Structure formats: structure tokens, C-alpha cells
Amino acid sequence: ASAQPRPRVSLDTVGSRRPANFAPNLEGEVVTVEGVVSAKAIAYPLYAHLAIQDESGYGLVLEGTVSQFSPLQPGQRIEARGTVAKRGGLPVLLPTHVAVLATGPAPTAKRVSAPALLSFRYQGLLVTTEGRVIDKGEAPGGEYLLIGDARKPLRLFVPVPRMRIGRASLDRFETGDRVRVTGIAGQYCPFAPYDRYFEVVVADEDELVLVSKRWLVSPEWFAISLAFLVFALGVWWIRERRMAVQRHMVRTFYGLGEELIGFTSPAELLNRLNAVLPGLLRISGAH
């Protein structure tokens, strides 16, 4: 680790990864960064996280104590100096010095799709996304929902200290519900390589909003049932059309037979047959 701090570096640089195991490139180095506080500090059982972001659209998580971050508010531009480390694979800065440079409007959450958050690009940013709940549960540090693809889900995590005492918390959500979340994009991957287990951490369970309740029938079964119904209707329509043609042909033949009884000359018979049969039987003529 370098003893002297580097000149001010970008948040993108601090968040960059090594190609071998995806650990932070600058892990162990002392750096100085600048950014705008995007949300209130998120308290975990043993530490707290504060997210900052810059104008280029990159973010970084600062790790410290609740008392250290509680004076800082969203919209404040700060300068922080400290050592780059990792927390569950996520690059974090352990600040020894934090100074407020200016105060402005709080950043707005960037809308990102759930699949896009399964990457390093948006880590440390205040984001909003939505998806259907595929599972939920409890972890040592809090509660979570899993949304998106079951093979590569995105975890929505609510740390324990932020849950309100006596509130049902995430029990109000069911598998299949569509939810919207606003929080800090991050990761919790305890073991290398650190390229898995992405998440969005929320400061409060109120940042998880129900968009729509789960389907009574799953979308997959609904799609299969709809396809079968369309197929059955198609087969029925084709059969009815063929039966209608057959009925029309039978009625025409009966009518033609009744007409032919009244004709007295072969020429009249031939004229009538040539008038009816070509269109009915798709022939060129009769003789």
C-alpha cells in the first residue's frame, strides 16, 4: 500500500477492478475523491455506508460509522480522503477525512433495468428499478427480496437497523408481485472471484413500492393457455369454413338437380351446367 495519498482520483478509477479476481484495482491505496452525497447513510449492524456520485455518472461507497456520516445530507458536495478497501467484493473508501465543499440539490435516482444492474457499471449510484419478486428471505444483516431472472437474480436488501420496530417490513410482498425499488447499487460477494451477487441496498423499507400484485395464473401458463386457445380456435375456424363450403355445394347440387328436371333440350341443360359447375367444382367447363 502506498504511504502517501494519490492526487484526487475519479470515482470510476477507485471502482475499477482487477481482471484476475475482480478485486478493487486500488485496494490498500490512500486516495482523495470528490462527489455529491446521493442518499442518507445506510446503517448496518457493525458499520454504515454513504454513497457519493459525480457528474460523469459513476458512484462510490464510503464505509464508516453512523455518527461519522449522520451530519452529511443528500446534495452536499464532499471531499473524502482514505484507504480503498472492499466489503463483500464491493470497492469502498475508508475515510479518515471528510469535508463539505458545497451544498446543492440532491441527485435524482437513475432509472436502470434490473439486468443492467448485474454489473459493475452502476455500483455506488442511486438507482431505481423494478421487477417481479421470485423469492424473499432473511440474511444475518437484514431481509431481502430477489427479483428478475431466477438464474441471475438481483437482490433488494434492507439492513436490520433501518427496519422500523413493530412493522411487518417485507412480509407485505409475495412471490409474483411487481415491485419498484430506489436505493444504492452494490454487491455482496464474500468470496473471489468478485463478479457475482449484485444487489440494491435501500435505506428504508419504504423505498420498496408495490407496483402490481402477483398474477392469479403465472405469465408462463397464461401464455401457454392463450397459445393453445388460439390454436384450437384456428382449427375450429378452418373446420367450420370447410363444412360451410360442403353445405353450400350440397345445396347447390340439390337445387341444380331440381332445375334440370324442367329443362326440355340438351342445350338448356348444358348452358345451365356451364353456368354453375365451373365455379362450384373449380373446373373449366362441362360438355
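Note: the structure precedes this text.
To start, this report covers the structure provided alongside it. All values derive from a computational prediction rather than experimental measurement. (Residues numbered from 1 in each chain as written. Predicted model: local features only at pLDDT ≥ 70, side-chain atom pairs only at ≥ 80, totals over all residues. Heavy atoms only, no water.)

**Some thoughts on the pairing of strand β10 (residues 153-159)**
In terms of burial, β10 is largely enclosed, as six of its seven residues are buried. The pairing of strand β9 (residues 142-148) with β10 spans seven bridges and is antiparallel. Across the sheet, glutamate 143 pairs through a bridge with valine 158, a residue of β10. The turn linking β9 back onto β10 is made up of four residues. Two strands pair when backbone bridges link them, and β10 and strand β12 (residues 198-201) are joined in this way by three bridges, in the parallel orientation. (Buried < 20%, exposed > 50% of the residue type's maximum accessible area, 1.4 Å probe, protein only. Helix = DSSP H or I, 4+ residues; strand = E, 2+ residues; numbered from the N terminus. Pairing = 2+ DSSP bridges.)

**Regarding the nonpolar core**
Generally speaking, a soluble globular protein has its nonpolar side chains buried in company with each other. With 21 residues, the main nonpolar core has Leu117, Val127, Leu154, Leu156 and Leu208 as its most contacted residues. When residues of this core are traced back to their parent elements, those giving at least two are β8 (126-139), β9, β10, β11 (178-187) and β12. Excluding its chain neighbours within four sequence positions, the residues that come into contact with leucine 154 are Ala114, Leu117, Leu118, Thr129, Leu145, Leu146, Ile147, Phe198, Glu199 and Val200. Core analysis: the second largest hydrophobic core is formed by 19 residues, Ile52, Leu62, Leu72 and Ala80 among them. (Core = buried A, V, L, I, M, F, W, Y, C linked by side-chain atoms within 4.5 Å. Contact = heavy atoms within 4.5 Å.)

**Observations concerning the packing of aromatic side chains**
Enumeration according to the criterion identifies four aromatic pairs in this entry. Relative to phenylalanine 120, the ring of phenylalanine 22 has its centre 5.8 Å away and its plane inclined at 40°; by these criteria the two rings are tilted. Separated by 98 residues along the polypeptide, phenylalanine 22 in the loop between α1 (11-14) and β1 (30-37) and phenylalanine 120 in the loop between β7 (110-111) and β8 bring together distant segments of the chain. Overall, phenylalanine 22 belongs to the partly exposed group, its relative accessible area being 25%. The interplanar angle of 20° and the centroid separation of 4.7 Å between the aromatic rings of tyrosine 44 and tyrosine 47 together place this pair among those described as stacked. Like tyrosine 44, the residue tyrosine 47 is buried in the burial classification. Taken together, Phe22, Phe120 and Phe198 form an aromatic cluster joined through their ring pairs. It is arginine 87 that lies over the ring of tyrosine 47; its NZ or CZ is 4.1 Å from the centre. (Phe/Tyr/Trp six-rings, centres within 6.5 Å; stacked < 30°, edge-to-face > 60°. Lys NZ or Arg CZ within 6 Å of the ring centre and 35° of its normal.)

**Focus: the pattern of salt bridges**
Close approach of charged atoms allows side chains of opposite charge to pair. Counted according to the given criterion, the structure contains 15 salt bridges. Note that glutamate 130 is salt-bridged to arginine 180, the shortest N-O span being 3.4 Å. Note that glutamate 130 is positioned in strand β8 and arginine 180 in strand β11, a separation of 50 residues in sequence. Relative accessible area serves as the criterion here: at 18%, glutamate 130 is assigned to the buried category. We classify arginine 180 as partly exposed; its relative accessible area is 31%. (Salt bridge = Lys/Arg side-chain N within 4 Å of Asp/Glu carboxyl O.)

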